[in-house]
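Architecture at a glance
Listed below, chain by chain, are the residues.
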Amino acid sequence: SGGRPNLVHSSSGREGRPGRGPGRESTFSVQTKLGEEQSGDTQPPEEKPLPVEMDLKISMAVSALSAGLMFFPLAFSAWGVYKYRNLYRAVEFIEPHNRPPKRTLSRDVELAERDTVRMCGANEVECAPCTLSFAHLDFWVTVGATWRKKGTQQHILRDVCGYFKPGTVTAVMGPSGCGKTTLLTLLSGRGQTQGEWQGVRLLNGIMLDQLAYQNVLKCQGYVMQTDTFFEDLTVLDTLLYGALLRLPERLSLQDKVQRVRTVLAEVGLSDVADSLVGGPAMKGISGGQRRRLSIALELLRLPSVLLLDEPTSGLDATTSLKLCQTLSTLAHDGNRTIITTIHQPRSEIWNTFDQVLLMADGGRTVFCGETASAVTHLSKLDTGINLQDYENLADFVIDAVGLDPERETTGRSGLADTDVGEEIELPVSAHSEAVSAQRRGRRRGVDLADVWAKSEERKALLETIKASMADPAAMPLCVAPTSFIHQIWVMMARRGRRTILHPKAALLLYAQIFVTGLVIGNAFSYPSDYDWVNKPYKIVMFIFTMSSYSMVLQYLVLVPEYFSDFPILSAERANGSCGFGAYILSCFLMETPRAVWQSAVLLCLSYGTTDLNPEPAYVGFAFICLTVGVCAWQGVVAMCACAVSHMSTVYSVLFMILGLGTLFGGVMLNYDVIPPYFLWAYYLSVPAITARALIINDMLCCHLTVSCQDMFTSSFSKDMRGTAVMMQTQICSIPDLRLDNGANIGYVALRMLRWHLSSKYQLLLALIGLGFMARVFAYVCLRARERRSSRLRERQPNLAAQLSEFQPPP
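Our subject in this report is the structure included herewith. In this convention, every chain numbers its residues from 1, walking through the sequence in written order. Given that the model is predicted, a residue must reach a pLDDT of at least 70 before its local features are reported, and side-chain atom pairs must reach 80 or more before they are shown or counted; all residues, however, enter totals for whole chains, interfaces and linings. The basis for every side-chain value is the complete set of heavy atoms in the structure, and neither hydrogens nor water enter the calculation.

**Brief notes about the overall build of the chain**
A tally of helices and strands in the chain yields 30 helices and 14 strands. A simple rule labels every residue: compare its accessible area, found with a 1.4 Å probe on the protein chains alone, to the largest value its type can have, and call it buried under 20%, exposed over 50%, or partly exposed in between. For the chain, buried positions account for 53% of its 810 residues. By sequence separation, contacts in the chain at least 24 residues apart represent 79% of the contacts at least 6 residues apart. For the chain, the computed accessible surface area is about 35,400 Å², with 58% contributed by carbon and sulfur atoms. What counts as a helix is a DSSP run of H or I of at least four residues, what counts as a strand is a run of E of at least two, and both are numbered from the N terminus. The contact rule is simple, with two residues in contact once any of their heavy atoms fall within 4.5 Å. All accessibility values rest on the Shrake-Rupley procedure with a 1.4 Å probe; residue burial counts only the protein chains present in the view.

**Quick look at the pattern of salt bridges**
Whenever Lys or Arg places a side-chain nitrogen within 4 Å of a carboxyl oxygen from Asp or Glu, that contact is recorded as a salt bridge. Inspection of every chain in the model, using the stated rule, returns 18 salt bridges. A salt bridge links arginine 346 to glutamate 348; its shortest N-O distance comes to 2.9 Å. Residue arginine 346 is classed as buried on the basis of its relative accessible area of 17%. Among the ionic pairs, aspartate 565 bridges to arginine 495, the shortest N-O distance being 3.1 Å. Taken as a pair, aspartate 565 in helix H19 (residues 531-574) and arginine 495 in helix H17 (residues 484-500) lie far apart in primary sequence, 70 residues in all. Its relative accessible area of 10% is what places arginine 495 among the buried residues. Because the salt bridges share partners, they merge into one network encompassing Asp232, Arg495, Arg498, Glu561, Asp565, Glu591, Arg594 and Arg775.

**Some details on the packing of aromatic side chains**
Any two of the Phe, Tyr and Trp rings considered here, Trp counted by its six-membered ring, make a pair once their centres fall within 6.5 Å; the pair's planes then place it as stacked at under 30 degrees, edge-to-face at over 60, or tilted in between. A complete count under the given rule lists 13 aromatic pairs for this structure. Taken together, a centroid distance of 5.4 Å and an interplanar angle of 65° make the contact between phenylalanine 367 and tryptophan 452 edge-to-face. Taken together, the residues span a long stretch of sequence, with phenylalanine 367 in strand E10 (residues 364-370) and tryptophan 452 in helix H15 (residues 448-453) at a distance of 85 residues. Per residue, the accessibility class of phenylalanine 367 equals that of tryptophan 452, and both read buried. Among the aromatic residues, those joined into a ring-pair cluster are Tyr562, Phe563, Phe566 and Tyr583. A ring is scored as having a charge over it whenever the NZ atom of a lysine or the CZ atom of an arginine sits within 6 Å of its centre and within 35 degrees of its normal. Taking NZ or CZ as reference, arginine 201 lies 4.1 Å from the ring centre of tryptophan 197, over its face.

**Quick word on the packing of helix H6 (residues 235-246) against helix H7 (residues 253-267)**
What counts as an axis is a line fitted to C-alpha atoms, over the stretch in contact for a helix, and the angles between N-to-C directions run from 0 to 180 degrees. Put simply, H6 and H7 touch, their axes get as near as 10 Å, and they point 130° apart. The pairing of H6 with H7 is recorded here as oblique in orientation. When the axes of H6 and H7 are compared, the crossing they make is right-handed. Two secondary-structure elements touch here, H6 through Val235, Leu236, Leu239, Leu240, Ala243 and Leu244 and H7 through Leu253, Lys256, Val257, Val260, Arg261 and Leu264. Under the scheme applied here, ten amino acids are nonpolar (Ala, Val, Leu, Ile, Met, Phe, Trp, Tyr, Cys and Pro), four are charged (Asp, Glu, Lys and Arg), and all others, including Gly, are polar. Of the residues contributing to the contact of H6 with H7, the split by class is 10 nonpolar, no polar and two charged. Under this scheme an angle from 65 to 115 degrees is roughly perpendicular, one under 35 degrees roughly parallel, and one over 145 degrees roughly antiparallel; angles in between are oblique. Should the near helix be turned anticlockwise from the far one by less than a right angle, the crossing is left-handed, and should it be turned clockwise, the crossing is right-handed.

**Digging into the nonpolar core**
Within the largest apolar cluster, 97 residues are counted, with the highest numbers of intra-cluster contacts made by Leu183, Leu187, Ile295, Leu358 and Leu378. Look past the residues within four positions of leucine 358 in its chain and what remains in contact with it is Met173, Arg364, Thr365, Val366, Phe367, Leu378, Val397 and Val401. Working definition of a nonpolar core: buried Ala, Val, Leu, Ile, Met, Phe, Trp, Tyr and Cys residues. They are joined through side-chain atoms within 4.5 Å. Core analysis: the second largest hydrophobic core is formed by 90 residues, Ala622, Val636, Leu654 and Leu660 among them.

**A look at the environment of glycine 177**
Along the chain, glycine 177 turns up in the loop between strand E3 (168-173) and helix H4 (180-188). Classification of glycine 177 as exposed rests on a relative accessible area of 76%. Put simply, glycine 177 and alanine 360 are 183 residues apart on the chain and 9.2 Å apart in space, counted from C-alpha to C-alpha.

**Overview of helix H22 (residues 647-663)**
Expected helix span is computed as 1.5 Å times (number of residues minus one). Taking 1.5 Å of rise per residue, 17 residues should cover 24 Å, and H22 covers 24 Å from first to last C-alpha, within 8% of that figure. Buried within H22 we find Val650, Leu654, Ile657, Leu658, Leu660 and Gly661. For H22, the angular spread of the buried residues around the axis is 165°, confining them to a single face. The exposed residues of H22 that point more than 90 degrees off its buried face are Ser648 and Phe655. Directions drawn from the helix axis to the C-beta atoms are what define this arc.

**Thoughts on the sheet that holds strand E6 (residues 221-223)**
The six strands are arranged E6-E7-E8-E3-E9-E10 in an open sheet whose pairing can be described as mixed. Every other strand in the sheet has two partners, leaving E6 and E10 as the edge strands with one partner each. For this sheet, the mean inter-axis angle between neighbouring strands, taken without regard to orientation, is 10°. In this structure, strand E9 (residues 355-360) lies alongside E10, joined through six bridges in antiparallel fashion. Within the sheet, the bridge partner assigned to valine 356 lies in E10 and is glycine 369. Here helix H8 (residues 287-299) sits on the sheet in contact with E6 and strand E7 (305-308), set at roughly 160° to E6. A strand pair is defined by DSSP finding two or more bridges across the two strands.

**Remarks on the side chain of glutamine 220**
Structurally, glutamine 220 is set in the loop between helix H5 (210-217) and E6. Among the polar contacts listed, one links the side chain of glutamine 220 to the backbone nitrogen of serine 304, at a separation of 2.7 Å. Pairing of N or O atoms within 3.5 Å defines a polar contact, subject to two protein rules: one partner must be a possible hydrogen donor and the other a possible acceptor, and residues neighboring in sequence count only if both atoms are side-chain atoms.

**Considering the side chain of aspartate 232**
Topologically, aspartate 232 is positioned in the loop between E6 and H6. Discounting residues that sit within four places of it in the chain, aspartate 232 has contacts with Leu276, Met282, Arg498, Leu501 and His502.

**Overview of a nonpolar patch on the surface**
Together, Phe772, Met773, Val776, Phe777, Tyr779 and Val780 line one region of the surface with nonpolar side chains, adding up to about 530 Å² of accessible area. Overall, valine 776 belongs to the partly exposed group, its relative accessible area being 32%. Candidate patch residues must exceed 30% relative accessible area and have no salt bridge, after which like charges are joined if within 9 Å and Val, Leu, Ile, Met, Phe, Trp or Tyr side chains if within 5 Å.

**Overview of the packing of helix H11 (residues 371-380) against helix H12 (residues 393-401)**
The N-to-C vectors of H11 and H12 enclose an angle of 45°; their axes lie 10 Å apart at closest approach. With respect to H12, the axis of H11 lies oblique. Of the two possible hands of crossing, H11 and H12 adopt the one that is left-handed. Within the contact between the two elements, H11 uses Val375, Leu378 and Ser379 and H12 uses Leu393, Phe396, Val397, Ala400 and Val401.

**Topic: unusual backbone geometry**
If you check the backbone angles, asparagine 204 has positive phi at about 55° while not being a glycine. As for its placement among the helices and strands, asparagine 204 is situated in the loop between strand E4 (194-203) and strand E5 (206-207). What makes asparagine 204 buried here is its relative accessible area of 7%. Phi is positive for asparagine 335, close to 55°, though the residue is something other than glycine. Its location among the elements puts asparagine 335 in the loop between helix H9 (317-334) and strand E8 (337-341).

**Quick notes on the pairing of strand E14 (residues 791-794)**
Residues Leu792 and Glu794 line the buried face of E14, whereas the alternating positions Arg791 and Arg793 sit on a face that is not buried. Direction of pairing for E4 relative to E14: parallel, over a ladder of four bridges. Bridge pairing in E14 links glycine 195 to leucine 792.

So this is what it looks like as structure tokens:
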């Protein structure tokens, strides 16, 4: 790509390139070479440029073909706008309790839709029950690994067992670093985990391999500790686009909207449906409402299992209580299995839990069962603390297990580890007794995990899990992912909605483009006494500056957009609602209209302020070439954003690529003096190829002409008469330059730049190819990042049969 210029031969320097002097060749030496090429016999005859008529015809054909290719993303975008309009018509039409009648369907489609509605329909509240159980679960992670050494394996979970039944809320409690989040992630089947695991995981008594388990749990709910939303969307918009990606396409749009309304009512967000989600950059809903919004997104599919990682983290006591009461209602009314991790609940929150899984340091189990049974189990042990001294049973459990070691020295609950916004203070007598008991327990060597491993409660738990395997229930159904085209449209509509909600930002962007274009155009519209000499220089530098500005503009706008998309894309990818290919293509389809409009604005200003080639065919090609170049550069921006994890690093990489293309693109430095290790920038840099194609298009024919007589009569000739005679003799004697009204000075300038034999059509094809390859590499980078972050594997799969008999692991 890029069209390597036809080079004059030389007896020195690298093969295929002219000899290199100490610096850049002067204009006079280049002109002397032009004369030598015309008079010498040793130089082989050069290929002649295309005739003017043929060049015009080819320009018109290529412009028409490129316009046809560009029509596809524009038409697809228009179709997305039409569907987007229908979406919000449905939102305005449907009231929370006023559902329109279903449309008439064929028998087969109606049966398929009925099966889907049974699981995730609009009016259904109760979902298919699912029992989640596990036995002898171990997990290892490798720490300290580098490219030089393997690292050491750290045992995070040790022989963990549990049985979580439908209609219950289970709290996983333990000190920081005991493996609560690791256990929850392992049970969720999500891929963002690195390490090795071993054990048995059961769904309704059925043991599945790792891939099958992940596919089933991918359709269930999992709320991460950190909320990830688009700050500039409303609560209703967030749920609508989540429903469009998660719910099956066979459901009508009215059913999906009604499902959103139902979920809003379930989590108590109907009053803030039209409020912005907000975040650090803008004001929005409260922290508790954001957590409920995260839960609402997972409830769209009516999951049988809902897992939450620290849902009360960062919330005050009242908000935490309301959230836990919401979870209890969802579990009891919807017959769901809800598992959540939490540090130190207050008494009211403790009462909302049905079951509890207590963990100790080292990833070992202290107790698993009913909350009342946990208190009974711990009170029987010789821990030295008296249950009658506690009014809050949660405080008794926390002190008995040692979940808050800071109480030993301060008498207050450590705020660094608590999940509620108030301090929990024990009575002095109870606290003193707890401290002395903990110390006595350590002296006596009481190990609660060892006591639990030998307890009758654990044996009964294992028998319950074993009995569930003897009588398995039906597996929870999983919604098939939406089609590739549907995913593209939804993500396009979501980006468009974010733009529509903030029109001032778009208007300011185009105002900036307009003002900058005027400034650049006026800067290069200055008059000159040596017009026939300076005009090629002005045109080259103007096109070079304008195209470089259009490239800088893209990465300033697109990089923040990509990095705001990535957290949401990762979450949607984890639950199987979208793919990387659909995301990359939706970005291309949304960015292409932006490239078209920005190129149109810049070229209108360019032709209005500067004397560029006014022929319609060349104007059309310039528009197509600049648009394709901007689209190709957008692909490079997407590739760098997908390959690098930090925004500042992406800016540095893009600036380096743009700077090298600007310096070694053939304008700042002649091709003859470019170092060989920077030639890749000449041939592969999108900004350099775009500027080169635009300059060749404008100057090849036949805009810049001057008669030989004018060369003598101009003021330049009077000031530099000897040089003017030499230039007149050399220029006017070059073949293919004698036109009806004089010599083609633009062609002379292209010869000086070594571009006179480069084809602008080849450069246009090179831009298309580079843009396509950049998008492909962006997709590959996203897949590679996902694989690198999800390296979960089963250590010894052949132990599953042995462990299913509930024998201790070796």
